[in-house]
Amino acid sequence: MANNHRNGTTHRSSLNKTDRPLSVNSNTKPTSKSKSLPVSGLRKSTTASLAAASAAFKDDAGVPGRVRVAVRLRCHNAEEMVADADFADCVELQPELKRLKLRKNNWDAETYEFDEVLTEFASQKRVYEVVAKPVVESVLEGYNGTVMAYGQTGTGKTYTLGRLGEEDPATRGIMVRAMEHILADVSLETDSVTVCYLQLYMETIQDLLDPTNANISIVEDPKTGDVSLPGATLVEIRDRQSFVELLKLGEAHRFAANTKLNTESSRSHAILMVHVKRSIEGRDMTHSGENGNNNHIIKALKPPIVRKGKLVVVDLAGSERIDKSGSEGHTLEEAKSINLSLSALGKCINALAEGSAHVPVRDSKLTRLLRDSFGGTARTSLVITIGPSPRHRGETASTIMFGQRAMKVENMLKLKEEFDYKSLSRRLDIQLDKLIAEQERQQKAFEDEIERITLVAESRISEAERNYADSLEVNPFSTFQKERLKYQKDYMESIKKLEEKWVINQQKQGSETIIIGSKDGTSNERGSMMSVVEELAEVKKLLPKETQSRKAAEEEVNNLKSQVAQWKRSEALGNTETLKLRKMLEDEAHQKKKLEGEIALLQSQLLHISFEADETRKRLDKGGSDKVRGGFDSLMNQVRHAQLQDSGNGEKASIAKLFEQVGLHKILSLLEAEDADVRIHAVKVVANLAAEESNQGKIVEAGGLSSLLMLLRSSEDETIHRVAAGAIANLAMNDKLQSKLRAEGGIKALLGMVRCGHPDVLAQVARGIANFAKCESRASTQGTKSGRSLLIDDGALPWIVQNANNEASPIRRHIELALCHLAQHEVNAKDMISGGALWELVRISRDCSREDIRTLAHRTLSSSPAFEAEMKRLRINY
Ligand code: ADP
Ligand code: MG
């Protein structure tokens, strides 16, 4: 009943459509009566055969397998025959439709559908085949399986499951038939069948095979969730009879235990567990034997696979409610405890049937034991037993509902297969021992064989010797042979002597002719000796030649060898040379890059220095009325000079020189240089260039304005802001650049710079605005511009008004001028009035220390009808 094994609702609903026969009254409360059954909702195959039913149980491994539920009706017993004689049965079965009708009264019935409906005439064999056989088959294949009977006491649970059938084999129940089935299928040499038999009563598990074992605990594997009962007696079963004896023993112990506890067996649950362990070694060994030895090894090293199926057969306690008053001799607590496992089972099945998130598996020992049977990995088959008596209609109805709910429980069947490393190790040990023994045997056989051969050889030799000796003595040729041997010996000796002599002579006479003779030698012998001597002389002659040519060859080889060695050395040398050169090349490239960077820096510095030198020279030439300031910080003053004075040919020439020398693009590109100093130098140069009217257009065209604005955006440096503002202010002097300057955001950039608050920056901003206003005013007068001032459009007015009376005079002057320029055009008047500029103009016209500006303001105010009207309205005396 493990949650994690439970199938999701999606699967369940898909099953409802196809596989699931339960389409009528699948809820606990039936909604339709038999009279008005929707035919389309019924299972189509009304002729479903046993085989089909059996096949329906056969789901594949790892696939969902719903709990199958069969209902079995018991025939009337003697007591019912009498008592219920005048009453109709409470149920009516329609086995061919797999339906059961539960009568409410004479007119009304509820219909339920089951996986199998077994009438009172159903044989035990058929019940086994329908209910248990598919489960046993699964167990033999390596799955877990559960067969469980549920029903009121006396309805035939024990008859269905536990009947031994000794007197009548036809009445054998599921336990015996299942064991017969298993024993017929397994091979007792490689497989094993073990059983334990238990009783669960009042949350205590007793061993029915060993009554002293009265409180067995359940152990759960935390990894797999498998439950086991290590304390239970396990008995190996090898034949049917020993199993029947075991069941009898268990039954006797059950009876004794229940007598002791003063209860009936109907109050306890009997649980039979059959463990089937099968080795499937060799089934998938399909290598065909080209190399028998290798196959043998592969086979030997592959651990055998074992499949461990477990069949659990549960004969539940009677499902009827026991009297809560404890009339059977139990206290209320005991009564609760007796029912605990059964009601917990009901709760778990309800939870599983409803797809509830929590399944209270841990509430009782029974549900813990059966956690794999409901919602787990086992194939589970439930038989619910009912009686026909109308007196027990209530209990029968409740049993039917239990069965209906159980039909909704989905299991996920899983093969219990594992590698049997123990048996592999055993097998390898045996094999090793066999090989050692075999090797010893072979060694021994080999030694024996050698000994035998030696003996045979020795005996043959001695025999040959004997024969030889005999033949020497006995054979008629023996004298001749002796003679022959003697001659041979003599012959050898004479040759030896001759050779010695020859050597001595050789030494003595050098190349003199050698006369070899022997009184005793025959002419033949002499001839052959001569030829030997000649040959030797020939060989001797050849030898020095041969030695010489060999020496020459050796020399040649040595020569070649040394050449190869030399060549190798020079090759190695060449390699290192190449590496060295490559390294040098890389260093050079690196150096070049570095130098290029330095050149850029130096170029920018050079630019500035040359410019500065020109400036200085110019001032000195002029007589030095202005104080010559060193360094770049005086640059803005120089810019102002450049702007305000017609600075003469010298300066113009120097700037022209700059252009020529470096090129505008290069100068502008330095505005984006990485080095901050380079940027500062560059912006100063650009500001200076921008002071020249002839350069202004070129700077803007070449993208200088954008570069300046970008530099302003990316830099917080005050010098850059000041110089850049100066540059923009210079550009703003140019009538032709007005629209471009504004379009690229120049005005806004100027206004943005006031944030830094530095008076020098503010002065440049004010100058820029004044320049812009002046050009704009000129354009308006000439009629090339119409409409409101772009300065007002870009929101400059508030800052202008605010700084019109700035205490720094350079700022104040520029703003005063700007205001006068703006005021000259009626189109700006409305905004200027509402923005407070009128007051400032009035003030300027009265208080400005510079007379020309004062006059300009006055004239401007008096020439504007809008200003006049407003002043009148405000009663400003003018
Ligand atoms: P339970 O175990 O449910 O309490 P039992 O199996 O002990 O019920 O059955 C009660 C009685 O009914 C027994 O005498 C049993 O032989 C009889 N009985 C039950 N089912 C059948 C059946 N299908 N055919 C014949 N007798 C049955
Ligand atoms: Mg019973």
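Residues numbered from 1 in each chain as written. Chains lettered and ligands numbered in written order. Predicted model: local features only at pLDDT ≥ 70, side-chain atom pairs only at ≥ 80, totals over all residues. Heavy atoms only, no water.

Q: Please clarify how the overall build of the chain should be interpreted in this entry.
A: Within the chain one finds 31 helices and 17 strands. In the chain, buried positions account for 44% of the 878 residues. Sequence-distant contacts, at least 24 apart, represent 72% of the contacts inside the chain between residues at least 6 apart. Carbon together with sulfur atoms contributes 54% to the accessible area of the chain, which is approximately 48,500 Å² in total. (Helix = DSSP H or I, 4+ residues; strand = E, 2+ residues; numbered from the N terminus. Buried < 20%, exposed > 50% of the residue type's maximum accessible area, 1.4 Å probe, protein only. Contact = heavy atoms within 4.5 Å. Areas by Shrake-Rupley, 256 points an atom, 1.4 Å probe, with all protein chains shown as cover.)

Q: How do you make sense of helix 21 (residues 718-731) when you look at a structure like this?
A: It helps to recall that an α-helix has 3.6 residues per turn; residues three or four apart then point in one direction. Helix length check: helix 21 (14 residues) gives 20 Å between terminal C-alpha atoms against 20 Å at 1.5 Å per residue, within 8%. Burial analysis of helix 21 places 13 of its 14 residues in the buried class, the great majority of the element. Capping of helix 21 at its N-terminal end is provided by D717; its side-chain oxygen lies 2.9 Å from the backbone amide nitrogen of T719. (Expected span 1.5 Å × (residues − 1). Polar contact = N/O pair within 3.5 Å; in protein donor to acceptor, adjacent residues only side chain to side chain.)

Q: Whenever I open this one, the site of ligand 1 confuses me. Can you help?
A: Taken together, R72, R74, Q152, T153, G154, T155, G156, K157, T158, Y159 and R163 are the residues near ligand 1. In the environment of ligand 1, an oxygen atom lies 2.7 Å from a nitrogen or oxygen atom belonging to the backbone of G154. G156 is positioned with one of its backbone polar atoms (N or O) 3.0 Å from an oxygen atom of ligand 1. Starting from 540 Å² of accessible surface for ligand 1 in isolation, the protein chains cover 66%. (Near = heavy atom within 4 Å.)

Q: Which parts of the structure should I look at to understand the packing of helix 20 (residues 704-714) against helix 21?
A: Helix packing for two helices is described by the angle between their axes and how far apart those axes are. Where helix 20 contacts helix 21, the axes come no closer than 10 Å and their chain directions differ by 150 degrees. One way to sum up the angle between helix 20 and helix 21 is to call them roughly antiparallel. Crossing geometry of helix 20 relative to helix 21 is assigned as left-handed. Contact residues: helix 20 offers L705, L708, L709, L711 and L712, while helix 21 offers I720, H721, A724, A727, I728 and L731. The residue inventory of the contact of helix 20 with helix 21, partitioned by class, reads 10 nonpolar, one polar and no charged. (Axes fitted to C-alpha atoms, helices over the stretch in contact; angles between N-to-C directions. Parallel < 35°, antiparallel > 145°, perpendicular 65-115°, else oblique. Left-handed = near helix turned anticlockwise from the far one by under 90°. Nonpolar A, V, L, I, M, F, W, Y, C, P; charged D, E, K, R; others polar.)

Q: Help me out: how do you make sense of unusual backbone geometry in this one?
A: Outside of glycine, negative phi angles account for most residues, and trans bonds account for most peptide bonds. A positive phi angle, near 55 degrees, is found at K98, a position not held by glycine. Along the chain, the position of K98 falls in the loop between strand 3 (91-94) and strand 4 (99-103). The class of K98 is buried, set by a relative accessible area of 5%. Positive phi outside glycine occurs at E203, with the angle close to 60 degrees. For E203, a relative accessible area of 18% gives the class buried.

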